[in-house]
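A structural walkthrough
What follows is the residue order along each chain.
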Amino acid sequence: MDPKSVEEYMERIRVLDALEQQSMGLSRMLTTYTDRLQSRLEQRVAIEESSEAVVLRSIKNLESVVTASVRQKHQLIKKCHILDNEMHGVHDIASKIQEIQQLLDVMEYSTRKG
């Protein structure tokens, strides 16, 4: 083999070695980036799951509060109906007292006039 061919051959081997080193470096960088990406995605998924759990818990709490409020309003309506029914007697008595008071006023007016 001619020395020039040997020298060209060696140069090609050095170039191939350099390219191999560069490709290994790029491979390591790509692996690092994909590992970081995977880690960030896992973190994001964990945060989203936690967020969804908080939202779900909030919705359940809101549902519970609304249900309790509706139940209390129904109880209040029932009590108002009961009180309204019980007040009929009071209204009758108040009406009778008013009639008596009017009769007393008429009697007093007649006695003063007469």
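Heads up: the structure comes first, above all this text.
Keep in mind that what you see is a predicted model, and the values were worked out from it rather than measured. All chains use their own residue numbering, which begins from 1 and follows the written sequence. Only residues with pLDDT of 70 or above have their local features reported here, since the model is predicted, and side-chain atom pairs are shown and tallied only from 80 upward, although totals for entire chains, interfaces and linings are computed over all residues. To get the side-chain values, take all heavy atoms of the structure and skip hydrogens and water.

What follows is about the overall build of the protein. Only DSSP runs of H or I covering at least 4 residues are called helices, and only runs of E covering at least 2 are called strands; the numbering of each starts at the N terminus. Along the backbone of the protein there are 1 helix and 0 strands. Both definitions apply: the radius of gyration is a C-alpha atom measure, and the globule rule equals 2.2 Å times residues to the power 0.38. For 114 residues, the compact-globule formula gives about 13 Å, and the C-alpha radius of gyration of the protein, at 48 Å, lies well above that figure. Each principal axis of the C-alpha distribution contributes one length, and for the protein these read about 160 × 25 × 10 Å. Only the protein chains shown count as cover for residues, and all accessible areas are computed by the Shrake-Rupley method using a 1.4 Å probe. Looking at the protein as shown, the accessible area adds up to about 11000 Å², and 61% of this sits on carbon and sulfur atoms. Charge counting treats Lys and Arg as positive and Asp and Glu as negative, with His and both chain ends excluded. Think of each charge as sitting on NZ of Lys, CZ of Arg, CG of Asp or CD of Glu. Of the charged side chains in the protein, 16 are positive and 18 negative; the average position of the first set lies 7 Å away from that of the second.

A surface patch of nonpolar side chains, amounting to about 270 Å² of accessible area, comprises Val6, Tyr9 and Met10. Here Val6 shows up in helix H1 (residues 3–113). With a 1.4 Å probe rolled over the protein chains alone, any residue whose accessible area is under 20% of its type maximum counts as buried; one over 50% counts as exposed, and the rest are partly exposed. Of the residues examined, Val6 reaches a relative accessible area of 34% and is grouped as partly exposed. Distance thresholds for patches are 9 Å for like charges and 5 Å for nonpolar side chains (Val, Leu, Ile, Met, Phe, Trp, Tyr), applied to residues having over 30% relative accessible area and no salt bridge. In the sections that follow, a salt bridge refers to a side-chain nitrogen of Lys or Arg positioned within 4 Å of a carboxyl oxygen of Asp or Glu.

In this section: H1. One less than the residue count of a helix, multiplied by 1.5 Å, gives the span that helix is expected to have. Here H1 spans 156 Å end to end across 111 residues, near enough to the 165 Å set by a 1.5 Å rise per residue. Bend, at a single residue, is the angle you get between axes fitted to the 7 residues ending at that residue and the 7 residues starting at it. A maximum bend of about 30° is found in H1 at Met87.

Another point: the environment of Ser5. Here Ser5 shows up in helix H1. Sequence separation between Ser5 and Met29 is 24 residues, and the spatial gap between their C-alpha atoms is 36 Å.

The next thing to look at is the pattern of salt bridges. Oppositely charged side chains may form a pair once their charged atoms are brought near each other. This model, assessed by the stated rule, comprises 3 salt bridges. The closest approach of N and O atoms between Arg44 and Glu48, which form a salt bridge, is 3.0 Å. With Arg44 and Glu48 both in helix H1 and 4 residues apart, the pair spans about one turn of that helix. Judged by its relative accessible area of 55%, Arg44 falls in the exposed class.

None of this, on its own, says anything about what the molecule does.
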